[in-house]
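Chain and residue survey
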Amino acid sequence: MPNPNTNVQKTQIIEVLKQDYFPIIPELQRNWAPEQHEKNRLSRSLAAFAIANLANISFTEAAYSIINGENDNGIDAVYFDQFNHQLLLIQSKAGNAPNMGDNKKFCDGMKDIVNKRFQKFNSTFSRFQQDIEDALDKNGVKIVGCNIYLGESLGGSIHFWKIYHFCKILQE
């Protein structure tokens, strides 16, 4: 059973997402039930929330970083923080922790970015391509992959191994 304090924190985060991000992150034009629309908006809002806090930028700038959708290659938001020399890559889930398939897709998406295989991404990604190429061509830029979710814990070290393995590949 989850710690009651965790539920309070989750509820508070959801309220912040709805108050600060829902007004600027519209529903996708999909034939979904209202619950699915809300879960999708929470997920996209959570990605923007992560970008806003990691890069210290406005809600609006962070919302613009969202690429979540079909063919997003596991990356829900991307932002090049030129001040801190960081390329931020976010995967977010409004529900429980990502499964192995989600993590593999996220790692594969990060590898595709590092290897400049931009054709594997959706059209929304293209508006960031020049920033990403600039980031990859600069010395000292750190690539930060962040997997953020609102649900229960990962429950095992195998998920961390995949991300650790990817980071090790980047260092070689």
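The notes below deal with the structure included here. (Residues numbered from 1 in each chain as written. Predicted model: local features only at pLDDT ≥ 70, side-chain atom pairs only at ≥ 80, totals over all residues. Heavy atoms only, no water.)

**Things to note about the packing of aromatic side chains**
In this description, a pair of aromatic rings is defined by centroid distance and the angle of the planes. In the structure shown here, the tally under the stated rule is 5 aromatic pairs. Consider the rings of Y21 and F49, whose centres lie 6.4 Å apart with planes at 80°: the pair is edge-to-face. Highlighted residues: Y21 in helix α1 (residues 4-21) and F49 in helix α2 (residues 34-55), separated in sequence by 28 residues. Residue classification places Y21 among the buried positions, given a relative accessible area of 1%. Between F121 and F125, the aromatic rings sit 4.2 Å apart at their centres with planes inclined by 15°, giving stacked as the arrangement. (Phe/Tyr/Trp six-rings, centres within 6.5 Å; stacked < 30°, edge-to-face > 60°. Helix = DSSP H or I, 4+ residues; strand = E, 2+ residues; numbered from the N terminus. Buried < 20%, exposed > 50% of the residue type's maximum accessible area, 1.4 Å probe, protein only.)

**Let's talk about the sheet that holds strand β3 (residues 142-149)**
Here 3 strands make up an open sheet; going across it, the order is β1-β2-β3 and the pairing mixed. One side of each edge strand has no neighbouring strand; the edge strands of this open sheet are β1 (77-81) and β3. Geometrically, the sheet is characterised by an average inter-axis angle of 20° between neighbouring strands, direction not taken into account. Relative to β3, strand β2 (residues 86-93) is paired through 8 bridges, and the arrangement is parallel. Looking at β3, one finds that S92 is bridged to I148. Across the sheet, α2 touches β1, β2 and β3, and the angle it forms with β2 is around 150°. (Pairing = 2+ DSSP bridges. Axes fitted to C-alpha atoms, helices over the stretch in contact; angles between N-to-C directions. Contact = heavy atoms within 4.5 Å.)

**A short note on helix α4 (residues 100-114)**
The first and last C-alpha atoms of α4 sit 21 Å apart over 15 residues, in line with the 21 Å expected at 1.5 Å per residue. N103, F106, C107, G109, M110, D112 and I113 are the residues of α4 that are buried. Looking one or two places after α4, you find K116, whose phi comes out positive at around 55°. (Expected span 1.5 Å × (residues − 1).)

**Quick word on the pairing of β1**
Along β1, 4 of the 5 residues are buried, which leaves the element largely enclosed by surrounding structure. As paired elements, β1 and β2 share 5 bridges and run antiparallel to each other. Along β2, the bridge assignment pairs A77 with I90. Here β1 folds back onto β2 in antiparallel fashion, the turn holding 4 residues, of which H85 has a positive phi close to 55°.

**Looking at unusual backbone geometry**
A positive phi is found at H85, a non-glycine position, where the angle reads about 55°. Since its relative accessible area comes to 41%, H85 is described here as partly exposed. The backbone of K116 shows a phi angle near 55°, a positive value even though the residue is not glycine. Take K116: it is sitting in the loop between α4 and α5 (129-137).

**Some details on the environment of A52**
With respect to the helices and strands, A52 occurs in helix α2. Beyond its immediate stretch of four places on either side in the chain, A52 contacts Y21, I57, S58 and A62.

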